[in-house]
Protein chains: 2
Amino acid sequence: MKVIHNEAHGRHDPSHQFAGGRQSKHADAPARIEKILSALREADLEVIPPHFYCVDAIRTVHSKDYVDYLSGAYEAWVAAGKSPAGVIPGTFPVRAIWRRPDELSRRAGWHCLDTETPITEHTFEAAVGSACCALTAADLLLAGESRAYALCRPPGHHAGRDHCGGYCYFNNAALAATRLRDGSGTACKVAILDVDGHHGNGTQSIFYESSDVLYASVHADPNVTYPYYWGYAEETGAGVGAGFNLNVPLSPRADETTYFGALAGALEAAQRFGPDFLVVSLGTDGSADDRLGPFALSTGAFAEMGQRIAEAGVPTLVVQEGGYHLATLGECVALFLKALQGKMGTIPY
Amino acid sequence: MKVIHNEAHGRHDPSHQFAGGRQSKHADAPARIEKILSALREADLEVIPPHFYCVDAIRTVHSKDYVDYLSGAYEAWVAAGKSPAGVIPGTFPVRAIWRRPDELSRRAGWHCLDTETPITEHTFEAAVGSACCALTAADLLLAGESRAYALCRPPGHHAGRDHCGGYCYFNNAALAATRLRDGSGTACKVAILDVDGHHGNGTQSIFYESSDVLYASVHADPNVTYPYYWGYAEETGAGVGAGFNLNVPLSPRADETTYFGALAGALEAAQRFGPDFLVVSLGTDGSADDRLGPFALSTGAFAEMGQRIAEAGVPTLVVQEGGYHLATLGECVALFLKALQGKMGTIPY
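Rules used throughout
Here, residues in each chain are numbered from 1, in the same order as that chain's written sequence. Labels are handed out in written order, letters beginning with A for the chains and numbers beginning with 1 for the ligands. Note on the predicted model: pLDDT of at least 70 is required for a residue's local features to be given, and 80 or more for side-chain atom pairs to be given and counted; whole-chain, interface and lining totals, by contrast, use all residues. The side-chain figures draw on all heavy atoms in the structure; neither hydrogens nor water molecules are used. The rule is short: rings of Phe, Tyr and Trp, with Trp giving its six-membered ring, pair when the centres are within 6.5 Å, and they are stacked under 30 degrees, edge-to-face over 60, tilted in between. Runs of E in the DSSP output that reach at least two residues are strands. Runs of H or I that reach at least four are helices, and both are numbered from the N terminus. Only protein chains enter the accessibility calculation, which uses a 1.4 Å probe. A residue is then buried if its area is under 20% of the maximum for its type, exposed if over 50%, and partly exposed in between. Only residues with pLDDT of at least 70 in both copies contribute their C-alpha atoms to the least-squares superposition of the copies. At least two DSSP bridges between two strands are required for those strands to pair. Helix axes are fitted to C-alpha atoms over the stretch in contact, other axes to C-alpha atoms as well, and angles between N-to-C directions run from 0 to 180 degrees. Contacts are residue-level and defined by heavy atoms, with any inter-residue pair within 4.5 Å sufficient.

**Q** Just checking my understanding: could you explain the packing of aromatic side chains for this structure?
**A** The description of an aromatic ring pair rests on the distance of the ring centres and on the angle between the ring planes. Using the criterion set out here, one finds 22 aromatic pairs over all chains in the structure. Relative to F18 of chain B, the ring of F18 of chain A lies with its centre 3.8 Å away and its plane at 10°, an arrangement referred to as stacked. In this pair, F18 of chain A is assigned in strand β2 (residues 16-19) and F18 of chain B in strand β2 (residues 16-19), connecting two distinct chains. Relative accessible area serves as the criterion here: at 2%, F18 of chain B is assigned to the buried category.

**Q** I'm lost on the relation of the copies chain A and chain B in this one. Help?
**A** Both copies of the chain are placed relative to one another by a rotation about an axis and a shift along it. With an RMSD of 0.0 Å, the fit of chain A onto chain B corresponds to turning through 180° and sliding 0.0 Å along the axis. One copy is carried onto the other by what is essentially a two-fold rotation axis.

**Q** Is there a simple way to explain the sheet that holds strand β5 (residues 147-151) of chain B in this structure?
**A** What holds strands together in a sheet is hydrogen bonding between their backbones, with the strands either parallel or antiparallel. Residues and elements named next belong to chain B. An order of β4-β1-β5-β10-β9-β6-β7-β8 is seen for the eight strands of this open sheet, with the pairing classed as parallel. In this open sheet, the two strands that pair with only one neighbour each are β4 (46-48) and β8 (245-250). Across this sheet, the average inter-strand angle for adjacent strands is 15°, counted without regard to direction. Summarising the sheet, strand β1 (residues 2-5) and β5 pair through four bridges and their orientation is parallel. Among the inter-strand pairings, H5 is bridged to a residue of β5, identified as L151. In the packing of helix α1 (residues 31-42) onto the sheet, contacts are made with β1, β4, β5 and β10 (316-320), and the angle to β5 comes to roughly 150°. Along the sheet, helix α4 (residues 123-142) contacts β1, β4, β5, β9 (277-282) and β10; its crossing angle with β5, the most-contacted strand, is approximately 175°.

**Q** Quick question: what am I supposed to make of the sheet that holds strand β7 (residues 213-220) of chain A here?
**A** All names here are of chain A. With parallel pairing, the eight strands of this open sheet are ordered in space as β4-β1-β5-β10-β9-β6-β7-β8. The sheet terminates laterally at β4 (46-48) and β8 (245-250), the two strands that pair on one side only. Averaged over all neighbouring strand pairs, the angle between strand axes comes to 15°, with direction disregarded. Bridge count between strand β6 (residues 190-194) and β7: five bridges; the pairing is parallel. When the sheet's bridge partners are listed, D194 is paired in β7 with S217.

Structural data, given as structure tokens:
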């Protein structure tokens, strides 16, 4: 299994965020990727750089408006006298009539859902590089590989068609799923399984009215865990997408038995759907060590996750999402990928 | 003209806010009210305390859900381990399907539109006191007075039915207008004229579908000035309220001639409406000295504003909104009220 890695990811390195009424250190540190990378090198996985894709590839998922904003926001923000540490919105369009302001520096809350996702000088470049990792992985599967791992940073599953949020700017999983769906030349179905501890509200919103991409997620109850406003069980899709969105919110105190019961349900739904490809949004923030994560999974649980997903017998693209505990992050990812790879022989093609 | 003043307003005194990507001092300082008060005492205006009103009076405008939230949010927030300096939301429901979380400490972004409106330990108490000032002023007009001034702090015009924002928690102008409309026993029309430098998005949203309360506002273009998402000229009301909402956004560089031309148009619309009462949302942040304000009005412009409004010949209730320059704030308010009072004799009743 190839690992696709963008060396320039570290140029995106926000200094701070606002959370819980306090200014605090930003958790998506470049060191996360270095930790994963060294664990994967020890496991003898081949690491390759992403291909270059032009911005049209990103616009298969994201609006022109949003891509233009993300590319120009930092410069406009600094020109308006705001903090050179990065764009952090302060005003948001709440539930009422609204209009998008024209001025880029005033649009921060239009294109973002929180105060934890700064746009710094090099964020756009890093987000494009991260998206290219996912697109490259999709092309590997389209070329016949049965597994690929996109080592994405920044992550993607909280980013919607026209907004960032939750450390995410472009939705790497949605970009990969869209490329897989559209790239094989025939009618094609893609299932996305999201095992990050947080609900992937961005991915859900992008495919909410689609019947050819199924989204299934196991995550902590949004009533108490980010992103709060999405991820409830009653969100099942709309229009032709009705029935193609599955949320399994769990109590943050759920034990591994409960967790794997929920995962089995989500996997079963994905298999019933009969996908040609599976995209896994892999977060390791469900690990017991992860202070930002909601669950208390053991390191070994990630091996079991990889094995169960492998047993689905579907060509699988893994996209890195969250996971912030530097000491065990690499091990969790390596165990997951090794278990996933171990079953490669059983894939019927 | 009586001035209604809540002595306990100073118990609401947020230490900081997040704006422009930075943590900064909160601008709605208790000293604002002391400055206004001393200028009004010099002008020999009578200062009285507000009457007590039970929470039902506040629920004529605000939802039960929101009042419950505002009353319990601080305790829940601190219990959840977040900053004891006050509730400042970090995550907001952007434009997509959403659901309100049950947990109070997770609902901060549901009930607020920015990161500049902290809920501190005594905010609820101060907001109730501020609302009582406006309600008391309304009762004075209902009892036959032709003028009253509610010295409200916190201000109100950015607060909607179920959200705070822009330093505002309860919408004092909307509470007064509702009490005036409903309290006279006969069919009654109320015009609200908003001369704060910022658009009163909360007031607009509360009466957007009403034909018995007209909202007219002169303010800086929201494309470049808070609250960004509302206040555009095309927002003219909806349903039976269509045509009863008038926004006159001006360039922040507008001179006094332009400003008073716009004000004349708004006043004319209010008079055409034939109101039984006029509620003025008075902000002095259009003053040239005000660093938070958009315009460059002279101190004398506030006297002219008061005189023009007096010429409308309608019983008038003035509610204090913004205005942050401590050195001239009191003078601006006193000049406005003296000019307004000077014309009392012309009121035909």
